[in-house]
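Geometric and topological summary
Each chain, written out:
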Amino acid sequence: MPGLQDLYWLPHPVPCGGHFDGPRVAAYLDAGSPDALAARIRGAGFTHVAVHRRHLAVGEAPSDSLAAERITTLTPAQAQRLTGFLDAYTEQIGATEDTAVYRLLAGAGPAP
């Protein structure tokens, strides 16, 4: 769940990044292509992806240390890969001003 850190309200365990986990979450997007990212995500058993846009940045990491601990900074290639994956392999099922939730399409894309 790129950029989303507070998952205490979900009724089951959910993999995500927390404070200071931005580099780990961003590295997950280093799959090579949207197809490879889809295979990685499906292979890990994900059924949904949530993206919290307020805590995502593309390019330079924030210089403020407090902001940097909360922000997941993506390279332009990682952001493009995430967008390509979301466009090809998911459907948006909900959104607020800051967060969008996507469901992985059944049978779409490479198998795990």
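What this report covers is the structure whose coordinates are included nearby.

**Examining the overall build of the protein**
Of regular secondary structure, the protein possesses four helices and five strands. In sequence order, the protein lays out its α and β elements as α-α-β-β-α-β-α-β-β. When the 112 residues of the protein are sorted by exposure, 33% land in the buried category. Summarising the internal contacts of the protein: among those between residues at least 6 apart in sequence, 55% fall at separations of at least 24. Carbon and sulfur atoms form 56% of the exposed surface of the protein, whose accessible area is close to 6,400 Å².

**Some points on the pattern of salt bridges**
Under the definition given, this model contains three salt bridges. The partner of arginine 54 in a salt bridge is aspartate 98, and the shortest N-O contact between them spans 3.5 Å. Here arginine 54, found in the loop between strand 1 (48-52) and strand 2 (56-58), pairs with aspartate 98, found in the loop between strand 4 (90-95) and strand 5 (99-104); they are 44 residues apart in sequence, far enough to count as distant. With a relative accessible area of 52%, arginine 54 lands in the exposed category.

**Some details on the packing of aromatic side chains**
Counting across every chain of the model gives two aromatic pairs. With 6.4 Å between their ring centres and 65° between their planes, tyrosine 28 and phenylalanine 46 make a pair best called edge-to-face. Of this pair, tyrosine 28 sits in helix 1 (residues 22-28) while phenylalanine 46 sits in the loop between helix 2 (34-43) and strand 1; the two residues are 18 residues apart in sequence, bridging distant segments of the chain. Residue tyrosine 28 is classed as partly exposed on the basis of its relative accessible area of 30%.

**Details of the nonpolar core**
The biggest cluster of nonpolar side chains holds 16 residues, and the ones touching the most others in it are Val49, Leu74, Leu82, Phe85 and Leu86. Listed by contribution, the elements that provide at least two residues to this core are helix 2, strand 1, helix 4 (76-89) and strand 5. If one sorts the elements of this core by residue count, helix 4 sits on top with five residues.

**Concerning the pairing of strand 4**
Bridge analysis of strand 4 against strand 5 gives five bridges, and the strand direction is antiparallel. Counted as the bridge partner of glycine 94 is valine 101 from strand 5. The hairpin formed by strand 4 and strand 5 contains three residues between the paired strands.

Reading guide: rules and limits
Residues numbered from 1 in each chain as written. Predicted model: local features only at pLDDT ≥ 70, side-chain atom pairs only at ≥ 80, totals over all residues. Heavy atoms only, no water. Helix = DSSP H or I, 4+ residues; strand = E, 2+ residues; numbered from the N terminus. Buried < 20%, exposed > 50% of the residue type's maximum accessible area, 1.4 Å probe, protein only. Contact = heavy atoms within 4.5 Å. Areas by Shrake-Rupley, 256 points an atom, 1.4 Å probe, with all protein chains shown as cover. Salt bridge = Lys/Arg side-chain N within 4 Å of Asp/Glu carboxyl O. Phe/Tyr/Trp six-rings, centres within 6.5 Å; stacked < 30°, edge-to-face > 60°. Core = buried A, V, L, I, M, F, W, Y, C linked by side-chain atoms within 4.5 Å. Pairing = 2+ DSSP bridges.

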